[in-house]
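One letter stands for each residue in the lines below.
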Amino acid sequence: MTTFANPAALQMVGYTLEELQGQSLYQLFNPTCVCEKQNAAACCAICHTLHRGEIHQITDEVFWRQDGTSFPVEYISTPIMEQGQIAGAVVLFRDVTEHKAAEEQLWYQAFYDSLTGLPNRTWFLKRLEQMMAHDEYDQNDHQFAVLFLDLAHFRLINDSLGHVAGDELLRIVARRIEACLRPGHLLARFSGDEFMILMDPIHDITDATTLAQTIQQVLAIPVALYDYHVHTTADIGIAFNSTAYVEPNDILRDADSALQQAKAQGNNACVVFDKAMRQKALERLHIEVALRYALEHDELCVYYQPIIDLATGHIAGFEALARWQHPQSGLIFPSVFIPVAEETGLIVALDYWVLRKACEQICVWQTLFPQTQPLTVNVNMSVKTLMQRDVLTQIERTLRETGLTPASLKLEITENVMMDQNDETMATLQHLSDIGVHLCIDDFGTGFSSLRYLHRFPIQTLKIDRAFVSTVTSDDESSAITQSIAALSHTLGKQVVAEGIETTAQLVYLRQVQCDYGQGYLFSMPVNSTVATALLEGQNTAKRQQQR
Ligand code: C2E
Ligand code: MG
Ligand code: MG
C-alpha cells in the first residue's frame, strides 16, 4: 500500500496524495506485475525489495501516469526494516525521457545516415556480421547476395547544381531504391554516392541481377531538380555467397571488385563477382609490392618520345614516359603499373621521380643541343599528385635543383582534373602557370570533356587523344572532332598536339587542320635517353647539312 509520495513524485505521475494513498504502488505503475497476486518470485524491483528485503535498482522501466500515458524511469527500491522485518519499501525514481532521447539520438547517429535516413555502413556491417555468425549461414542452401551500387557522375551534379541539389538527389535515389526492395532486404548508404544492399536470402543469383536491373531502370527515370531534368545511372557490383566467406569484409571486398569492373565497363553496368576477379586483385597486390620495391631500388627508368613541331618537322621537345626495367620480366609498360600506382597512391612518388629525371635530362640536352626555342619536356602528372599539399614545393625545388627554366617544363594532366576540380587544385594550377610552367590537357576528348571549364583553367595546350588521330583519315566523325578541337584551341589561344600519329596520311591531315605539334610512331617510338640523344644528334647533323 502506498503511504506517502512527495510532491515531485505526485507531479510526475499525475495523482494526488489522496488518490495514491492506500493503493498498491507497483500495480499502479507496473500493471503487468504478477508477483503480488501470485505471491511469486519478484518480477520487478519493488517486489524484490518487498519479498526479499533487497535493495534493487532498475534502469529501464516504464511508469504509468494517471492519464494513461507512460514515461521511462530509472528507479531504486530500498527496504524499510522494522524489528528485523520488512515493513515496506522506499521507491526513488527519475524520469529519464531526455536521457533516453539523447541515447536514441546517439544510437541513430552511430548507425544511420542523417541525409537519407538509411542505415549506414556500420549498421550494414553489423547486420552482415550477425548473419554470417548465425548457424544458418553454414548450411549450403542458404544463399545471400550483396549489391554495391555507385552513382555515375554524381560529382558533376554536385559541382554544377550545388550541394543542396546533390543532397536532394541522394534522398530521391534512396527512396527509389527502397521502393524496389522486398522485406528482408537491407539498404544502406555507404558513403557519398555509394549504396549497399543485402539480399537475404536469395534463391539464386538471378534474384540479385534482376533486382540490380530493376534499380537501374528506376534510377534512369529523370529526376526533376530545380529547373533541370537530371539523369542518373548506377553501376552495380554483386557478390554472393557461392564461395564461403568468413568475414563480412571479404564479401564487401568482392562486391567492390565487381563494382570496379562495372565502372570500367561504364554506362549502367552490372557485374557479378567471379574468382577470376579475385585472381586479378591478387595480381594487383603482387604488382604493388614489386612496384614499391622497384621505386626504392631504382628499377624504374624514363623513356622519351619526341614531340615534333609540325611546321618545321623538328623535335621541339620530348614526353617523358615511365618504364619499369624488371630484373626478371624485362621492360614493363605503364598500362601494367600506372593503374596500380594510382590505386595505391604510389603514383605520387613515381611522378616526382620521373619529374626529376626528366628535368635533369632535358637540361643536359639543352646544353648539348642549344636552339632558338629550347627543348621542352612533357611530364605526366596524376590528379592524385596534383592534389598533394607539397606538390608546388616539389616542383619548384626540382626546377631549382636541376636548373631547368619553368618555361621548359610542360605538365600533362588529364581531363579528370577539370571534373575533380577543387579550389586547391585550381590554385595549384594557377600558381604553376604564374611561375611559367606550361600546362597541357592529355588525352583530350576521351574524358567527360567539359568545354565550359576549359577557359577557367590556365591550360596552354590540348593533346588530342590517339583514339581520334588513329582514325582521322578513315572516320568522318574523328576527322570532324579533330578539326573542331584544333579550331577551338586556336580560338581559345591554346596550342594543339596530336598524339599517336602513325601514318603519313594522318600527318598530312593534321597539318591541314593546323595542329601545332605531333607525336607518334611515325616519328619515333618512346626511346631511352641514349637513343633520344642520337635522334637529336641526327637532327643537328641534318640541320647543318641543310645550312651548307
Ligand atoms: P600518355 O601520356 O597519353 O602517353 C602517350 C602514350 O601513347 C604512351 O604510352 C606512348 O608510348 C603511346 N604512343 C605514342 N605514340 C603512339 C603511336 O603512334 N601509336 C601507339 N599505339 N601508341 C603511341 P605509354 O608510354 O605506354 O604510356 C601510357 C600512359 O601511361 C601515358 O599515356 C600516361 O597516361 C601514363 N604514364 C606514363 N608515364 C607516366 C608517369 O610518369 N606518370 C603518370 N602519372 N602517368 C604516366
Ligand atoms: Mg601524356
Ligand atoms: Mg596522351
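Comments concerning a nonpolar patch on the surface
On the surface, a nonpolar cluster with roughly 230 Å² of combined accessible area is contributed by L50, M81 and I86. Looking at the secondary structure, you find I86 in strand β3 (residues 85-95).

A short note on the domain arrangement of the protein chain
The assigned domain composition of the protein chain is domain 1 (7-99), domain 2 (112-273) and domain 3 (305-322 + 347-547). Here domain 1 and domain 3 have C-alpha centroids that lie 82 Å from each other.

Notes on the coordination of the magnesium ion (ligand 3)
Only D442 (OD), D443 (OD), E499 (OE) and E499 (OE) from the protein coordinate the magnesium ion (ligand 3), and they sit 2.0 to 2.5 Å from it. Considered as a linear motif, the donors of the magnesium ion (ligand 3) on their single chain read D-D-x55-E. The magnesium ion (ligand 2) is placed at 3.9 Å from the magnesium ion (ligand 3), the two being bridged by D442. Here D443 is found in strand β16 (residues 438-444), whereas its partner E499 is found in the loop between β18 (495-498) and α22 (504-512), with 56 residues between them in sequence.

Here we look at the coordination of the magnesium ion (ligand 2)
Reference values for coordination geometry: four tetrahedral donors around a metal ideally subtend 109.5 degrees, six octahedral donors ideally subtend 90 or 180 degrees. Within the protein, the atoms that donate to the magnesium ion (ligand 2) are E319 (OE), N380 (OD1), E412 (OE) and D442 (OD), at distances of 2.0 to 2.2 Å. On the primary sequence, the residues serving as donors to the magnesium ion (ligand 2) are separated as E-x60-N-x31-E-x29-D. Given a relative accessible area of 4%, E319 falls into the buried group.

Some points on the packing of helix α14 (residues 346-368) against helix α16 (residues 391-402)
At a closest axis distance of 9 Å, the pairing of α14 and α16 adopts a crossing angle of 25 degrees. Relative to α16, the element α14 lies roughly parallel. In the packing of α14 onto α16, the handedness of the crossing is right-handed. Contacts between α14 and α16 involve Y352, L355, R356, C359, E360 and C363 from the first element and V391, Q394, I395, R397, T398, E401 and T402 from the second. Here the residues of the contact of α14 with α16 are counted per class, giving 6 nonpolar, 3 polar and 4 charged.

Some details on the pairing of strand β5 (residues 185-191)
Taken across its 7 residues, β5 has 6 buried, putting it largely inside the fold. Examined bridge by bridge, β5 and strand β6 (residues 194-199) share 6 bridges and lie antiparallel to one another. Of the residues in β6, the one forming a bridge with H185 is M199. Linking two consecutive strands that pair antiparallel, namely β5 and β6, is a turn of 2 residues; a positive phi of about 40 degrees is found at G192 within it.

What about the site of ligand 1?
Lining the immediate environment of ligand 1, one finds 24 residues, of which R323, D351, D442, E502 and Y521 sit closest. With respect to ligand 1, the side chain of R323 contributes an N or O atom lying 2.9 Å from an oxygen atom. Coverage of ligand 1 by the protein amounts to 84% of the 800 Å² it exposes when considered alone. Breaking the shell around ligand 1 down by element, the ones donating at least two residues are β12 (315-326), α13 (334-344), α14 and β16.

Description of the sheet that holds strand β10 (residues 270-272)
The pairing of strands in a sheet happens through backbone hydrogen bonds and is either parallel or antiparallel. One open sheet holds the 5 strands; their spatial order is β5-β6-β4-β9-β10, and the pairing between them is mixed. One side of each edge strand has no neighbouring strand; the edge strands of this open sheet are β5 and β10. Here the strands of the sheet are splayed against their neighbours by 20 degrees on average, with no regard to which way each runs. Pairing between strand β4 (residues 145-151) and β6: 6 bridges, direction antiparallel.

Looking at the sheet that holds strand β2 (residues 70-82)
As summarised here, the arrangement of the 3 strands in space is β1-β2-β3, forming an open sheet in which the pairing is antiparallel. Of all the strands in the sheet, the pair left with one neighbour each is β1 (56-64) and β3. Adjacent strand axes in the sheet meet at a mean angle of 40 degrees, parallel and antiparallel pairs treated alike. On the sheet, helix α6 (residues 97-111) packs against β1, β2 and β3 and is oriented at approximately 130 degrees with respect to β2.

Some words on unusual backbone geometry
Omega for the bond connecting D200 with P201 falls within 30 degrees of zero, at 0 degrees, which places this linkage in the cis form. Mapped onto the elements, P201 comes out in the loop between β6 and α10 (205-220). Located in the positive-phi region is D298, a residue other than glycine, with phi close to 55 degrees. Within the secondary structure, D298 sits in the loop between α12 (275-296) and β11 (300-309). For Q514, which is not glycine, the phi torsion reads 65 degrees and is therefore positive. Note on placement: Q514 falls in the loop between α22 and β19 (517-518).

A short note on the packing of aromatic side chains
Counting across every chain of the model gives 14 aromatic pairs. Measuring from centroid to centroid gives 6.5 Å for F63 and F71, while their planes differ by 80 degrees, and the two rings are edge-to-face. Note on F318 and W365: the rings are 4.7 Å apart at their centroids and 40 degrees apart in plane angle, and the pair reads as tilted. Of the two residues, F318 is situated in strand β12 and W365 in helix α14; the sequence distance between them amounts to 47 residues. For F318, a relative accessible area of 0% corresponds to the buried category. Since its relative accessible area comes to 0%, W365 is described here as buried. Among the aromatic residues, those joined into a cluster by ring pairs are W107, Y108, F111, Y112 and W123. Over the face of the ring belonging to Y517 we find K410, whose NZ or CZ atom lies 5.2 Å from the ring centre.

Reading the values: the criteria
- Residues numbered from 1 in each chain as written.
- Chains lettered and ligands numbered in written order.
- Predicted model: local features only at pLDDT ≥ 70, side-chain atom pairs only at ≥ 80, totals over all residues.
- Heavy atoms only, no water.
- Patch = residues over 30% accessible without salt bridge, like charges linked within 9 Å, V, L, I, M, F, W, Y side chains within 5 Å.
- Areas by Shrake-Rupley, 256 points an atom, 1.4 Å probe, with all protein chains shown as cover.
- Salt bridge = Lys/Arg side-chain N within 4 Å of Asp/Glu carboxyl O.
- Helix = DSSP H or I, 4+ residues; strand = E, 2+ residues; numbered from the N terminus.
- Domains from an automatic or database assignment.
- Donors = N, O, S within 2.8 Å, 3.2 Å for Na, K, Ca; no water.
- Buried < 20%, exposed > 50% of the residue type's maximum accessible area, 1.4 Å probe, protein only.
- Axes fitted to C-alpha atoms, helices over the stretch in contact; angles between N-to-C directions.
- Parallel < 35°, antiparallel > 145°, perpendicular 65-115°, else oblique.
- Left-handed = near helix turned anticlockwise from the far one by under 90°.
- Contact = heavy atoms within 4.5 Å.
- Nonpolar A, V, L, I, M, F, W, Y, C, P; charged D, E, K, R; others polar.
- Pairing = 2+ DSSP bridges.
- Near = heavy atom within 4 Å.
- Polar contact = N/O pair within 3.5 Å; in protein donor to acceptor, adjacent residues only side chain to side chain.
- Phe/Tyr/Trp six-rings, centres within 6.5 Å; stacked < 30°, edge-to-face > 60°.
- Lys NZ or Arg CZ within 6 Å of the ring centre and 35° of its normal.

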